[in-house]
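The lines below spell out each chain.
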Amino acid sequence: MLRFEFPGATPAHVAFTSTADGNLALHVGDRQQEVLQRRRSLENRLGLAAGALRFMNQTHSVTVHSVDSSEQETSDGPTWGPDADALLSPDGSTPLAVMVADCLPVVFIASGGDGGLVTAVAHAGRHGLLGGILQNTVTAIREAAGESIHAWIGPSVCGSCYEVPAEMAAAAAEVMPGIESHTSWGTPSLDLPGAAAMLLEGLGVDVTATGVCTVEDRNYYSYRRDARTGRLAGVVWPAPLLERNR
């Protein structure tokens, strides 16, 4: 598991799971109870209450859904999440999760009013990235009084591996200049993480990219490499009160 810290006035944590943490998705044919057990195990290791993590039903949209601490899973089974591709916690109190297996998992933390936090997660595949999911998420964070935004781009397919038809690459470049690239074997491709980093930096967001390619690194799930596969999660959660008072 990759972990990062946000050492602001109100500290918070960011993590990206790996295959060692198991599949965390309920929609890939895995046994529901086993998935829920893995989620409970992850929450326990992160110091969270059972069912605290909020997931969403990702549809490659540009929809941002605002959540609060009353919206969570139960220990017995999931409360199905909203149809959205970004979740926002306006006060940073709700642990959030985004699931991927090649698409970009992008996690956001911003300093909020009165020293608090605004947090968000976004699922940015090709459709969402070109459609504006990241711009919509940044806008939602700022509307929630978030300032000094930092984003982490987690493990995802890199430009050297994301082969696409030449026509698709050219069309994407018209919408987002700089996204067009080439694979390591010389065919047209799209560089989603690179384009996302440029986009976010242009919006005034500080960016940390893990640089991990899910296709190349078998420690991570990849739909492009293994069509039948699980999903890793990008997670953001507030530090426990004890940590804040250290």
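It should be emphasised that the depicted structure is a prediction, and the values quoted were computed from it without experimental measurement.

### Regarding the sheet that holds strand S7 (residues 117-124)
Here comes step 1: Strand order in the open sheet formed by six strands is S3-S4-S7-S6-S8-S11, with mixed pairing between adjacent strands. Across the chains shown, the open sheet's two edge strands, defined by having one partner strand only, are strand S3 (64-66) and strand S11 (206-209). Pairs of neighbouring strands in the sheet enclose a mean axial angle of 15 degrees, with direction left out of account.
Here comes step 2: Direction of pairing for strand S8 (residues 147-153) relative to S11: parallel, over a ladder of four bridges.

### Digging into the pattern of salt bridges
A pair can form between side chains of opposite charge whenever their charged atoms are brought close.
Here comes step 1: One pass over the full model with this rule turns up seven salt bridges.
Here comes step 2: Each member of the salt-bridge network shares a partner with another, and the members are Asp30, Arg31, Glu34 and Arg38.

### Side note on the packing of aromatic side chains
Here comes step 1: Tallied over the entire structure, the rule returns one aromatic pair.
Here comes step 2: Judged by centre distance (6.3 Å) and plane angle (75 degrees), the ring pair of Phe4 and Phe16 falls under edge-to-face. In this pair, Phe4 sits in strand S1 (residues 2-6) while Phe16 sits in strand S2 (residues 12-16), placing the two residues twelve residues apart along the sequence.
Here comes step 3: When the ring centre of Phe55 is taken as reference, the NZ or CZ atom of Arg39 above it lies at 3.7 Å.

Rules and cut-offs
Residues numbered from 1 in each chain as written. Predicted model: local features only at pLDDT ≥ 70, side-chain atom pairs only at ≥ 80, totals over all residues. Heavy atoms only, no water. Pairing = 2+ DSSP bridges. Helix = DSSP H or I, 4+ residues; strand = E, 2+ residues; numbered from the N terminus. Axes fitted to C-alpha atoms, helices over the stretch in contact; angles between N-to-C directions. Salt bridge = Lys/Arg side-chain N within 4 Å of Asp/Glu carboxyl O. Phe/Tyr/Trp six-rings, centres within 6.5 Å; stacked < 30°, edge-to-face > 60°. Lys NZ or Arg CZ within 6 Å of the ring centre and 35° of its normal.

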